[in-house]
Number of protein chains: 2
Amino acid sequence: MTSFSCPAPLPARETVLLGHGSGGALTAELMRDIFLPAFTSPVLARLEDQATLEISGLRLAFTTDTFVVKPVFFPGGDIGSLAVYGTINDLAVGGAQPLFLSVAFLLEEGFPLADLRRITQSMADAADGAGVSIVTGDTKVVEKGSGDGIYINTTGIGTVPAGLHLSAANARQGDAVILSGPIGDHGIAILTQREGLQLESPVESDSAALHTLTDAILGVTTEVRVMRDPTRGGVASALNEIAAQSHVGIVIEEQAIVVHDAVRGACELFGLDPLYVANEGKLVAIVPGAAAFGVVKAMRAHPLAREAAVIGQVTGGEPGLVTMRTAFGTTRIVDLLPGDQLPRIC
Amino acid sequence: MTSFSCPAPLPARETVLLGHGSGGALTAELMRDIFLPAFTSPVLARLEDQATLEISGLRLAFTTDTFVVKPVFFPGGDIGSLAVYGTINDLAVGGAQPLFLSVAFLLEEGFPLADLRRITQSMADAADGAGVSIVTGDTKVVEKGSGDGIYINTTGIGTVPAGLHLSAANARQGDAVILSGPIGDHGIAILTQREGLQLESPVESDSAALHTLTDAILGVTTEVRVMRDPTRGGVASALNEIAAQSHVGIVIEEQAIVVHDAVRGACELFGLDPLYVANEGKLVAIVPGAAAFGVVKAMRAHPLAREAAVIGQVTGGEPGLVTMRTAFGTTRIVDLLPGDQLPRIC
């Protein structure tokens, strides 16, 4: 008897690559080839940054993220505040009100307790400041050489208002693409710290909780199609995901995208494209064209989005294709990278 | 100006030890000295295996656990099914109906994709069998040497019936201590696999989902005081936590505790005490003395608790103290170990 139901096993030589954790093409491949065929949940298959669940009529958002950033302390934050803000943001971009977080520490034997204390306090301060509660946790310790100091998983629960349905599959021709501010600060802050590079004007991570900004946007219109925080893989990867899931084209304008001079300089030095560099306090919103002006105005009134701007639009072009009109008037394809330019940035 | 509000910083030489992840005395110290002072949530301070939250009148249980077991495949299970059952059980012992899980993979570069596929399928099968849905996830990859193949965090949500309030702080003098079956199978299955030891009768992990068993118990009486799954640190650590939090004494009878011969033999060989060896499909329940007979009867009707028995009682003895009457008629103190006898077993 022959069974056709099992996928052909991968050759034994195939192993996990750093790029499988990049949020880029290899991560998408892992989802498609391994996770989605096994985990058959229709909620998971939506591939949003958070699951939206319904329990006894209550709509909940639920999301998980592990933070492996190296170094753990960096200009503008640390792995603790990042772990709190990152999960809050994954809830917020689904339109949810973040409420509760779990925290799971994975510690390597020999990690300084003073650093653990500092990181823990940073998490507590970040959660307090954002009005969310850390309510449950776990600690595991692995032998020296089986970890890298500290990794932190945070998982979050929030409530989603009735009637709100944001999705990366919702973008439509004519929609405006809005970006909340300058890009690449987080990735470059990490990289310069890691490499011991002194920049003329130091770059700080933009790490921040975005739920009051998403509130402000939803206060203008609940017709928002998609919100995403462009972390791993940067703005380019976020837009590629949206274009692919919505089966639309997206065109962005290079001149509309703000990059701090120091970030641009560091990117040139390291041969990086800021469009692919991680952010931790930025937001991409896709809204109906008619609502764009009002949304940008509301965003600019928020301290985390003073430089919000329309950076492009959703088109009837080739589905899944993101293109950019450059400062020189040419057009180039903004593709999904196979891996990440910078591993271990979040 | 002198401030008295900051705890004295730990000396820089103090570092994380393997025992800090054991579930024993060092883990308790970490909670008391670092986590609880920073995370001021009253829910966390209850130190249950799960947080019970109330959102718009709905009672939810919420729990997180990271699995670092080595080796990842072992007799009776693997890290994938263990990660699903472990989090289901932490919900179930709070009296919750487990509903949804998140999964976060932390992969080391070079981990075989075929193993990842097998583990993923095992998680999917375990979740399907238990009737819970894996609805959201995350994947991170770290460089070779910064991890150990695969670590998995699962975080779970369940619903808690109105009026049910289980807590490790609820045990009272006169209550019965019930154990669901033979102890030590999981830890010894891991250890013999790790050491390449051949036993005459091989020991399999007891890894299983306990929520139908907890349902059966709660079907007899909702006056159950505490339920715990004695994992890290074994039955001894679970009883110590309950005795400490309830400010009661607990006396158990060695002769009432079943240990498989092969487990006993391996424990003697390695110098381990089965009371401290991890289980992954066992349950300790503390119930009013008058309900004990009915609860044991209902448990024995369940396939996972055929050998359930009353193993001891809650006394008015020294608060926090667990003692055991041995087979020889003597009494010994069953203390909290500083660390774990066996690291990386869950």
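Since the model is a prediction, treat every value here as computed from it, not as a measurement.

### Section: the relation of the copies chain A and chain B
- For the pair chain A and chain B, the relating rotation is 180°, the translation along its axis is 0.0 Å, and the fit reaches an RMSD of 0.0 Å. Overall, the copies show the geometry of a two-fold rotation axis. Proximity to the rotation axis, assessed at the C-alpha, singles out A:Gly147 in chain A; its C-alpha lies 2.2 Å from the axis.
- Taken as a fraction of all interface residues of chain A, those also at the interface in chain B reach 100%, which identifies the copy contact as same-surface.

### Digging into the packing of helix 6 (residues 211–220) of chain B against helix 9 (residues 292–300) of chain B
Residues and elements named next belong to chain B.
- For the pair helix 6 and helix 9, the least separation of the axes is 9 Å and the interaxial angle reads 145°. Remark: the crossing between helix 6 and helix 9 carries right-handed chirality. Contact residues: Leu 213, Ala 216, Ile 217 and Val 220 in helix 6; Gly 294, Val 295, Ala 298 and Met 299 in helix 9.
- Broken down by class, the residue content of the contact of helix 6 with helix 9 amounts to 7 nonpolar, 1 polar and no charged.

### Brief notes about the interface of chain A and chain B
- Listed per partner, the contact involves 76 residues of chain A and 76 residues of chain B.
- Between chain A and chain B lies a buried interface of about 6,900 Å² when both sides are counted; carbon and sulfur atoms form 70% of it.
- Sorting the residues of chain A by area buried against chain B places A:Val16, A:Leu113 and A:Arg117 first, and these three jointly supply 11% of that buried surface.
- The interface formed by chain A and chain B contains 6 salt bridges.
- Notably, a salt bridge pairs A:Asp138 with B:Arg232, separated by 3.0 Å at the nearest N-O pair.
- For the pair chain A and chain B, the number of links is 23 residue pairs in polar contact (both at pLDDT 80 or more).
- Only helix 1 (25–38), helix 2 (42–45), strand 1 (51–55), strand 2 (58–67), strand 5 (97–108), helix 4 (113–130), strand 6 (133–142) and strand 7 (150–159) of chain A provide two or more residues apiece to the side of chain A that touches chain B.

### Observations concerning helix 5 (residues 185–195) of chain B
- Counting buried positions along helix 5 of chain B yields 8 of 11 residues, so the element is predominantly enclosed.
- Of the positions making up helix 5 of chain B, those classed as buried are B:Asp185, B:His186, B:Gly187, B:Ile188, B:Ala189, B:Ile190, B:Leu191 and B:Thr192.

### What to know about the packing of aromatic side chains
- One pass over the structure, following the stated rule, counts 4 aromatic pairs over all chains.
- Here the aromatic rings of A:Phe105 and B:Phe35 are separated by 4.8 Å at their centres, their planes lie at 5°, and the arrangement is stacked. Here the residue A:Phe105 occupies a position in strand 5, and B:Phe35 occupies one in helix 1 (residues 25–38), the pair thus bridging two chains.
- On the accessibility criterion, A:Phe105 (2% relative accessible area) is buried.
- With relative accessibility at 4%, the residue B:Phe35 sits in the buried group.
- Of the aromatic side chains, those joined through ring pairs into one cluster are A:Phe35, A:Phe39 and B:Phe105.
- When the ring centre of A:Phe73 is taken as origin, the NZ or CZ atom of A:Arg118, which lies over that ring, is 3.6 Å away.

### Regarding empty space enclosed by the protein
- Taken as a whole and judged by the stated rule, the model has 6 cavities of 30 Å³ or more.
- Volume-wise, the largest cavity comes out at about 100 Å³.
- Along its surface, the largest cavity is lined by A:Lys140, A:Val141, B:Leu18, B:Gly21, B:Ser22, B:Val68, B:Arg232, B:Asp340, B:Pro343, B:Arg344, B:Ile345 and B:Cys346.
- Split into classes, the residues belonging to the lining of the largest cavity amount to 6 nonpolar, 2 polar and 4 charged.
- Here the second largest cavity is characterised by a volume of approximately 70 Å³.
- Lining the second largest cavity are A:Thr66, A:Ala104, A:Leu106, A:Tyr151, A:Asn153, B:Thr66, B:Ala104, B:Leu106, B:Tyr151, B:Ile152 and B:Asn153.
- Looking at the lining of the second largest cavity, the elements that each hand over two or more residues are strand 5 and strand 7 of chain A together with strand 5 (97–108) and strand 7 (150–159) of chain B.
- Among the elements that line the lining of the second largest cavity, the one with the most residues is strand 7 of chain B, at 3 residues.
- Residues belonging to the lining of the second largest cavity are distributed by class as follows: 7 nonpolar, 4 polar and no charged.

### Topic: the pattern of salt bridges
All names here are of chain B.
- A complete count under the given rule lists 28 salt bridges over all chains for this structure.
- Across the pair Asp 33 and Arg 32 runs a salt bridge whose closest N-O atoms are separated by 3.1 Å.
- The class for Asp 33 is partly exposed, based on a relative accessible area of 30%.
- Note that Arg 228 and Glu 48 form a salt bridge whose closest N and O atoms lie 3.3 Å from each other. Of the two residues, Arg 228 sits in strand 9 (residues 226–228) while Glu 48 sits in the loop between helix 2 (42–45) and strand 1 (51–55), which places them 180 residues apart along the sequence.
- On the accessibility criterion, Arg 228 (3% relative accessible area) is buried.

### What to know about the sheet that holds strand 10 (residues 249–253) of chain B
All names here are of chain B.
- Reading across the sheet, the 7 strands line up as 9-11-8-12-10-13-14 and stay open at both edges, with mixed pairing between neighbours. Both edges of this open sheet fall to strand 9 and strand 14 (331–333), since each of them pairs with a single strand only. Direction aside, the axes of adjacent strands within the sheet are offset by 25° on average.
- Of the pairings in the sheet, the one linking strand 10 to strand 13 (residues 322–325) comprises 4 bridges and is parallel in character. By the bridge assignment, Val 251 is partnered in strand 13 with Thr 323.
- Sheet contacts for helix 9: strand 8 (176–179), strand 11 (284–287) and strand 12 (309–315); angle to strand 8, the most-contacted strand, approximately 5°.

Cut-offs used in this document
- Residues numbered from 1 in each chain as written.
- Chains lettered and ligands numbered in written order.
- Predicted model: local features only at pLDDT ≥ 70, side-chain atom pairs only at ≥ 80, totals over all residues.
- Heavy atoms only, no water.
- Least-squares fit on C-alpha atoms with pLDDT ≥ 70 in both.
- Contact = heavy atoms within 4.5 Å.
- Axes fitted to C-alpha atoms, helices over the stretch in contact; angles between N-to-C directions.
- Helix = DSSP H or I, 4+ residues; strand = E, 2+ residues; numbered from the N terminus.
- Left-handed = near helix turned anticlockwise from the far one by under 90°.
- Nonpolar A, V, L, I, M, F, W, Y, C, P; charged D, E, K, R; others polar.
- Buried area = accessible area lost by both parts, 1.4 Å probe.
- Salt bridge = Lys/Arg side-chain N within 4 Å of Asp/Glu carboxyl O.
- Polar contact = N/O pair within 3.5 Å; in protein donor to acceptor, adjacent residues only side chain to side chain.
- Buried < 20%, exposed > 50% of the residue type's maximum accessible area, 1.4 Å probe, protein only.
- Phe/Tyr/Trp six-rings, centres within 6.5 Å; stacked < 30°, edge-to-face > 60°.
- Lys NZ or Arg CZ within 6 Å of the ring centre and 35° of its normal.
- 1 Å grid on protein atoms, 1.4 Å probe; cavity = no way out; pocket = protein on both sides within 12 Å on 5 of 7 lines; lining within 4 Å.
- Points joined across faces, edges and corners; volume = space filled by probe spheres on them.
- Pairing = 2+ DSSP bridges.

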